[in-house]
Amino acid sequence: MILLSLDVIYIGSIVATHYEIAMMALNAGKHVLCEKPLSINEKQSRSLFETAKEKNLFFMEAIWSRFFESYKFLRQRIDDGDLGEIKEIDLEFGFPLANTERLFLKAGGGSTLDLGVYPTQISLWVFRAEPTKVIAFGKLNEDGLDMEYNGEYHFPNGGITKFKVSCLNALSNKATIKGSKGEIVVSLPFRATNLCHIYQRKYALNDRFKMRVGRTKCQSWRNMKNSSFFHYFKP
């Protein structure tokens, strides 16, 4: 009876159970918002999307970052050409999570599925393409789970993302989006709670010279409507 009264189901269970629960909800005719990562492999994810499409249901991976004002601001700067052609993303994302049980489950554990979603999603979102080449190397524990790794995504336009992910150590947790005209640094941890710094290169000087020309700030993700996120200062 409770299921009949629901319109949308949110899934926030451990990763290994996402596919089964999401498929059950879709087959019951319910819209689904599923926590990241969507599933443990591509085959399961494709099956879920195909089922949702067949049944004309809403189905989405819960990448909350893309709904923050900082991402809207970043997209506007990219679309307006303030950064020029995007060439590179440099980022780190890591925390000491040795006591976080879900990371050490043999099914669905590891840093790639848990933390690696963030550098992956911002890379695809900025470049608006899938990588043509992926390079990665890292450290495995005794169960074969990746605890930390470095990698690169190479994109069709020649752009590249260089990243490091760790569930063992605290990292800088910054993403720097670099273009031919300037760059934006999105701080800890790519969400709307901290400053987003905008730089623009001065063409008459050395290419390494960067002049700060703008800044955005959100006081709290709980109070984004009252933020000063759209303050942007031209030189």
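Note that the structure is a prediction, hence the values are computed from the model and not measured.

A.B. asks: Where do I start with the sheet that holds strand β1 (residues 8-11) in this structure?
C.D. replies: Working definition: the strands of a sheet are paired by backbone hydrogen bonds and lie parallel or antiparallel to each other. Pairing in this open sheet of 3 strands is parallel, and the strands run β1-β2-β3 from one edge to the other. Each end of this open sheet is capped by a strand with a single partner; those strands are β1 and β3 (59-62). When strand polarity is set aside, the average angle formed by the axes of neighbouring strands in this sheet is 15 degrees. Note that β1 and strand β2 (residues 31-35) share 4 bridges and pair parallel. Considered in β2, the bridge of Ile9 is made with Val32. On top of the sheet, helix α1 (residues 18-27) reaches β1, β2 and β3; it is set at about 170 degrees to β2, its chief contact.

A.B. asks: Where do I start with the layout of surface pockets in this structure?
C.D. replies: Gaps left between atoms show up when a probe the size of a water molecule is rolled over them. Its boundaries defined by the atoms lining it, the largest pocket holds a volume of some 1200 Å³. If you trace the largest pocket, you find 34 residues lining it, with Glu42, Ser45, Glu61, Thr120 and Leu124 closest to the centre. Mapped onto the lining of the largest pocket, the elements with two or more residues apiece are α2 (42-54), α4 (111-114), α5 (117-127), β5 (133-140) and β6 (146-154). Among the elements that take part in the lining of the largest pocket, α5 stands out by supplying 5 residues, more than any other. Taken together, the residues of the lining of the largest pocket break down into 18 nonpolar, 9 polar and 7 charged. Quantified by volume, the second largest pocket comes out at close to 340 Å³. Here the residues of the lining of the second largest pocket sort into 11 nonpolar, 5 polar and 5 charged.

A.B. asks: Would you take a moment to explain the pairing of strand β8 (residues 175-179) for this structure?
C.D. replies: Consecutive side chains of a regular strand alternate in pointing toward one face of the sheet and then the other. With 4 of its 5 residues buried, β8 lies for the most part within the structure. The sheet contact formed by β8 and strand β9 (residues 182-186) spans 4 bridges and is antiparallel. Each residue of the ladder has a partner; that of Lys178, found in β9, is Glu183. Here β8 folds back onto β9, and the loop between the two strands holds 2 residues.

What counts and what doesn't
- Going along each chain's sequence as written, the residues are numbered from 1 onward.
- Owing to the predicted nature of the model, reporting of local features is limited to residues with pLDDT of at least 70; listing and counting of side-chain atom pairs is limited to 80 or more, with chain, interface and lining totals taken over all residues.
- Hydrogens and water are ignored here; the side-chain numbers use all heavy atoms of the structure.
- Any two strands with at least two DSSP-identified bridges between them are counted as paired.
- Strands here are runs of E lasting at least two residues and helices are runs of H or I lasting at least four, both read from the DSSP assignment and numbered beginning at the N terminus.
- Fitted lines through C-alpha atoms serve as axes, helices being fitted only where they are in contact, and the angles separating the N-to-C directions of these axes extend from 0 to 180 degrees.
- Should any heavy atoms of two residues lie within 4.5 Å, those residues are considered in contact.
- A 1.4 Å probe that fits but cannot get out identifies a cavity on a 1 Å grid over protein atoms alone, an open set with protein on both sides within 12 Å along at least five of seven lines counts as a pocket, and a residue lines either if it has an atom within 4 Å of a point.
- Grid points are joined across faces, edges and corners, and a volume is the space filled by probe spheres set on the points.
- Classes in brief: Ala, Val, Leu, Ile, Met, Phe, Trp, Tyr, Cys and Pro nonpolar; Asp, Glu, Lys and Arg charged; the others, Gly included, polar.
- We call a residue buried when its accessible area falls under 20% of the maximum for its residue type, exposed when it is over 50%, and partly exposed in between, using a 1.4 Å probe and counting protein chains only.

The analysis is restricted to geometry; functional conclusions fall outside its scope.
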